[in-house]
Structure formats: structure tokens, C-alpha cells
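# Coordinate inspection notes
Each chain is listed here by its residues.
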Amino acid sequence: MLYRSTRNRDEKATASQAILKGLAEDGGLFVPEQIPALDVSVEALSGMDYQETAYEVMKLFLTDFTEEELKSCIQNAYDGKFDTEEIVPITKAQDAYYLELFHGATIAFKDMALSILPHLLIASAKKNQVENEIVILTATSGDTGKAALAGFAGVKGTKIIVFYPKDGVSPIQERQMVTQKGENTFVVGIHGNFDQAQTGVKQMFSDQGLAEGMAAAGYQFSSANSINIGRLVPQIVYYVYAYAKMVKKGGIANGEVMNVVVPTGNFGNILAAFYAKNMGLPIGKLICASNENKVLYDFFATGTYDKDREFLLTSSPSMDILISSNLERLIYWIAGNDDRKNRELMEALQKDGKYEITDEMRGRLAGFYGNYATEEETAAVIKEIYEEEGYIIDTHTAVAAAVYKKYKQETGDGAKTVIASTASPYKFTRSVMAAIDQKYQDRPDFELVDELEALSGVKVPKAIEEIRSAEVVHTSVCEVDEMQDVVKGFLKR
Ligand SMILES: *Cc1c(COP(=O)(O)O)cnc(C)c1O
């Protein structure tokens, strides 16, 4: 199986080459030439554990990895770093099934992909005789940064540099990052928002002069952002696993459709569900949930993607995004794998801040439903589910839960529905607790950790205990236009 760039079909790569490159040379994203069909039955899958399921899915996409290589990557990723053997447990509350993707090292769903990416990358480097040291450059809206740092810290042959918006992440997210240990790690706050951080990183990736200078010094860039197919592919696994588990535990009859609701930012998680559906998994609607930065909702409603609007800081910061990078893969697909059409639209986005898709392309979006939740709706649903079920969800998951309510009201669709639960409530303690009771509004996040434990009955995760007393080791801050100099400076050390 080969991968092609969404902006130039002639740029091809093997899976391992695509993982090493991250972004294609023309600025496009790598997509598989065709989406492979699952070749094991749901019965067989329902008897498999997470690691076995991961192998069955990933082997179809990463065809230049040997069985031994792939299984070794999987075993190294999905191990005791997760606090449950199930890896992704499913909890029913009200009329939905919450697929808990936050049981890894940094208690957010980014761990699902970032605990395996370093292993895939090192295997890919060996396979392609790469001698250079690999420098991971990442822009984060909060959760990617820590999950990538945790994944790459201490991994030989790699360095990792993370840029985050200084005032755009939660206090717990920031503390998780700035206390990261490891000689090969570097964390920098920028005076700007996530989109500016991401644009700065993208510019460095496509800067040929910079790449040549780096190569001369023995380095090459790679990306841990969700555009890397080494992140996308592992995310397909948990949808397949969830479906098989729903069949096994009786929630769903084999073959019955299951809807999926995904709290969406960069469009990576929901795209993985779309790929799972195209592999033959009986997924019904793909419900795309946005917060008040509702650029995707507007896109599904009107066919126009328009990023020129006010950027809002919400209580679900990992979804505060106006340029959903992974949407490009869907645009390419609905354009009928037309690289020229896709490139035209992406150039319009860069030049004019917007693009409009054709009616024919819109017709191919019928499997999606988009909506958004306001800050009030998000808080209200946290409180309601806590009061009715004693179950506490985080703010991102709550956006999805609120949108699911709107979807059901609008459509009456009663299909069994899985909500991707993307973070532990412990990661956004203050917003979560304030939603339950206003009296917590002005208390610092860390003070509320014990209160959350008392209310939820869920033990404080190790990831939180660790940072309570950890030393701050990263204090760098820079302007958006200084990012490149910061990178060069770190690599000279
Ligand atoms: C990253 C993230 C999201 C958004 O996921 P995308 O793949 O970028 O759409 C949602 N919730 C949480 C907690 C996240 O960390």
C-alpha cells in the first residue's frame, strides 16, 4: 500500500516514509491510495484484546512493517502506561456509551496515538537507513504537547520541541508540559494562539533552506501532529475495538449500525472513525461536535469553510481551532481523490481565508452531521450527567454529549451511539467542578482535585499526582516570529 499527497498524486511514499516525513513536500497530507477492508470478522474481533485488534487494523495500513516490527511497536505502546488492561473501557451513562480514551500516561486521548508514534518512527528510520537525529516539531493546543513529550522523552535518536499558546491552555495542561523531564525535550510558550503556533511549525516544515541547514548539522524534522499518518492509523483501532466490544457485551447485534460522536478540533479523531467506516465497520452517522469555535459546524451547514472569524478561548481548549488540518484528507476524498481540486481549495484557504466546495462534494458528506455546543450548554450537560448518573465527564466530552442531545432531538435517530470521551475530568478540574457547582468557580485547578475525587469516586490519576510537586524545568517564551530562531538555538546546545 502506498500513500499519496493530497496536493499532488504523483508524490508517493511507503507507510514508513510517510511517517518519517509527516507532511508531504508540497504541503499536502499523505493519504492511503485506497482504504483497506477489514479482513477479520466481528466475531473474531470480539474475542481479541486491544493489542491484537491493533495489529489486525494497523497491518492493513502499514504494509511495509514486518509482523514482528508492528507487534513490537504495539506491545511497547499499549502496556502498563495505561491504568487499565482494557486500554479503552466503555461506560454507559444516560442513553450513550462513553468510549474512555483517556487511560494513558497523560490522561487525554492523544496518548492513544502518541504512545505508539515514537516506536513507529524509530522503526521507520531504521527501515529507510536514516542516520540523522530526528527532531519532532509540534504545535499543541494543550494535550498533544504533553502526550508527545511523554512518548518521546528519553527515546534515543530523537529530540522533541513543543510550542504551545502561553495563555491558551489549562493550568494543569501547562504544568504537565513545563515539568517534563528528559534531556531531549524542549517546551516553549508563544505569545499567540494555537493556529499561529501550528502555522509557524508548518512553515518550518516546508522551508527547504532550513531543512538543508538541519541536514548539514545531522538533523531532520518530523511531525508528531495529528497530520502524521502514524497518528491517524492507531486511532482507527479503538473504533473497531469499541464496535467489537459493543457486540460482545450485548449492546449491539452484529451488523447493527453504531453512531459515533466526536468532540472535534483538528479533525483527526473523527477522520479515523470515517476511515473505520470505510473499512467496513457498521458505523452510522459520524457526528462532529464543535465548541463555540464552530467553523466545522458552519462548513457542514453551508459548504463554505471560512476561518476568518474571532478566535474564542473556551473551556474545551483542545478544540479551540479554526484551521482543522485533517479536514484536508476528507476534502480530497469528497473531491473524488482529485489532487488539483483539493490544492485549489487549500490555496484559497491560505490566500482568502476560505473556500467553497461544490454541490457534488457536499453530496458526499451525507454520512456526517455537524453541530456545536455553547459554553452554557457544555456546563449544563456535565451537571446533568453527574446528577443523574454520578458520572463526571470532562469539558471536551461534554461538548460531544450536548451535541448528541441536539442530534437526537432533531432526527429522532435511536441507533446505539458511542461518544468519544477524550479527556479525564481531572485535566480540566476547575471548569468541570464549576459546571457542577458555581462555588468552585474561582478556586485553582489543583485545589479542586481532591474535591473531584470525592464527588466522582474515581481515584486521582497518577498523571495528576506526579505534577503536584514536580519542578518546573521549561521556562522559555517567545514571539510567533521567533519560533525558527528558538529551534536553531535548541539544536545548537
Ligand atoms: C485533541 C483533542 C480533541 C480534538 O481532537 P482532534 O483529533 O484534533 O479533532 C478533543 N478533545 C481532547 C481532550 C483533545 O485533546
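The structure reproduced in this document is the subject of the present report. (Residues numbered from 1 in each chain as written. Predicted model: local features only at pLDDT ≥ 70, side-chain atom pairs only at ≥ 80, totals over all residues. Heavy atoms only, no water.)

The subject of this paragraph is the packing of aromatic side chains. Working definition: an aromatic ring pair is given by the centre-to-centre distance plus the angle between the planes. Overall, the coordinates contain 18 aromatic pairs when judged by the stated rule. Both rings, one in Tyr78 and one in Phe82, keep their centres 5.8 Å apart while their planes meet at 50°; by these two values the pair is tilted. With relative accessibility at 2%, the residue Tyr78 sits in the buried group. Both rings, one in Phe300 and one in Phe368, keep their centres 5.5 Å apart while their planes meet at 20°; by these two values the pair is stacked. In this pair, Phe300 sits in helix H13 (residues 295-302) while Phe368 sits in strand E14 (residues 368-372), placing the two residues 68 residues apart along the sequence. Classification of Phe300 as buried rests on a relative accessible area of 14%. Residue class for Phe368 comes out buried when judged on its relative accessible area of 8%. Note that Lys127 overlies the ring of Phe65, its terminal NZ or CZ placed 5.1 Å from the centroid. Cation over ring: Lys294 sits above Tyr372, and NZ or CZ is 5.3 Å from the ring centre. (Phe/Tyr/Trp six-rings, centres within 6.5 Å; stacked < 30°, edge-to-face > 60°. Buried < 20%, exposed > 50% of the residue type's maximum accessible area, 1.4 Å probe, protein only. Helix = DSSP H or I, 4+ residues; strand = E, 2+ residues; numbered from the N terminus. Lys NZ or Arg CZ within 6 Å of the ring centre and 35° of its normal.)

The next thing to look at is the environment of Leu120. Secondary-structure assignment places Leu120 in helix H6 (residues 117-127). Since its relative accessible area comes to 0%, Leu120 is described here as buried. Here the alpha-carbon distance between Leu120 and Ala15, two residues 105 residues apart in the chain, equals 10.0 Å.

Moving on, we come to helix H17 (residues 375-389). For H17, built from 15 residues, the straight-helix expectation of 21 Å at 1.5 Å per residue is met to within 8% by its first-to-last C-alpha distance of 21 Å. Positive backbone phi, at 70°, marks Gly390, one or two positions downstream of H17. (Expected span 1.5 Å × (residues − 1).)

With that out of the way, let us pick up helix H22 (residues 483-492). Every buried residue belonging to H22 is among Met483, Val486, Val487, Phe490 and Leu491, and all of these are buried. Taken around the axis of H22, the buried residues stretch over an arc of 130°, which confines them to a single face. More than 90 degrees from the buried face of H22, the exposed residues found are Asp485 and Lys492. (Arc of directions from axis to C-beta.)

Quick look at the site of the ligand now. Around the ligand there are 15 residues in total, and Lys110, Asp143, Gly265, Asn266 and Thr422 lie nearest to it. Here an oxygen atom of the ligand sits 2.8 Å away from a polar atom, N or O, in the main chain of Gly265. Contact distances for the ligand include 3.2 Å between an oxygen atom and a backbone N or O atom of Gly268. With the chains in place, 98% of the 380 Å² that the ligand exposes on its own is no longer accessible. Residues that form the shell around the ligand fall into these classes: 5 nonpolar, 8 polar and 2 charged. (Near = heavy atom within 4 Å. Polar contact = N/O pair within 3.5 Å; in protein donor to acceptor, adjacent residues only side chain to side chain. Areas by Shrake-Rupley, 256 points an atom, 1.4 Å probe, with all protein chains shown as cover. Nonpolar A, V, L, I, M, F, W, Y, C, P; charged D, E, K, R; others polar.)

This paragraph deals with the sheet that holds strand E1 (residues 3-5). Sheet architecture is open: 3 strands sit in the order E2-E1-E3, paired in antiparallel fashion. The open sheet has two free edges, formed respectively by strand E2 (8-13) and strand E3 (30-32), since each of these has just one partner strand. Within this sheet the neighbouring strands show an average axis-to-axis angle of 40°, counted without direction. Pairing of E1 with E2, which is carried by 3 bridges, proceeds in the antiparallel orientation. Among the inter-strand pairings, Ser5 is bridged to a residue of E2, identified as Asn8. (Pairing = 2+ DSSP bridges. Axes fitted to C-alpha atoms, helices over the stretch in contact; angles between N-to-C directions.)

Let us now look at the sheet that holds E14. Read across the open sheet, the 6 strands follow the order E4-E5-E15-E10-E11-E14; overall the sheet is mixed. Sheet topology places strand E4 (90-93) and E14 at the edges, where each strand pairs with a single neighbour. Neighbour-to-neighbour, the strand axes of this sheet turn through a mean angle of 25°, independent of strand direction. Pairing analysis gives 4 bridges linking strand E5 (residues 96-100) to strand E15 (residues 417-421), with the strands arranged parallel. Each residue of the ladder has a partner; that of Tyr98, found in E15, is Ile419.

Another aspect to go through is the nonpolar core. Membership of the largest hydrophobic core comes to 111 residues, with the highest contact counts inside it found for Met58, Phe61, Leu62, Tyr239, Phe267, Ile331 and Tyr355. For this core, the leading source of residues is helix H11 (residues 229-248), giving 14 residues. Not counting residues up to four positions away in its chain, the partners in contact with Ile331 are Phe299, Asn342, Leu345, Met346, Tyr355, Ile357 and Met361. Residues Val432, Met433, Tyr440 and Ile464 belong to the second largest nonpolar core, which totals 42 residues. (Core = buried A, V, L, I, M, F, W, Y, C linked by side-chain atoms within 4.5 Å. Contact = heavy atoms within 4.5 Å.)

Now for the pairing of E4. Here E4 runs beside E5; their pairing, made up of 4 bridges, is antiparallel. Counterpart to Ile90 in the pairing with E5 is Leu99. Counting the residues in the hairpin turn of E4 and E5 gives 2 residues, including Gln94, whose phi is positive at 50°.

Time to look at a negative patch on the surface. On the surface, Glu479, Asp481, Glu482 and Asp485 cluster together into a patch of negative charge. Of note, Glu479 is situated in strand E16 (residues 476-479). When its relative accessible area of 35% is taken as the criterion, Glu479 is described as partly exposed. (Patch = residues over 30% accessible without salt bridge, like charges linked within 9 Å, V, L, I, M, F, W, Y side chains within 5 Å. Salt bridge = Lys/Arg side-chain N within 4 Å of Asp/Glu carboxyl O. Lys, Arg positive; Asp, Glu negative; His and termini not counted. Charge placed at Lys NZ, Arg CZ, Asp CG, Glu CD.)

Among the 8 residues that make up strand E7 (residues 158-165), 8 are buried, leaving the element largely enclosed by the rest of the structure. In E7, alternate side chains face the same way, and those of Thr158, Ile160, Val162 and Tyr164 on one face and Lys159, Ile161, Phe163 and Pro165 on the other are all buried. Sheet topology places strand E6 (residues 133-139) next to E7; 6 bridges connect them, and they run parallel. Each residue of the ladder has a partner; that of Leu137, found in E7, is Ile161. For the segment spanning E6, helix H7 (residues 143-152) and E7, crossover handedness is right-handed. (Right-handed = clockwise from strand over helix to strand, strands pointing away.)

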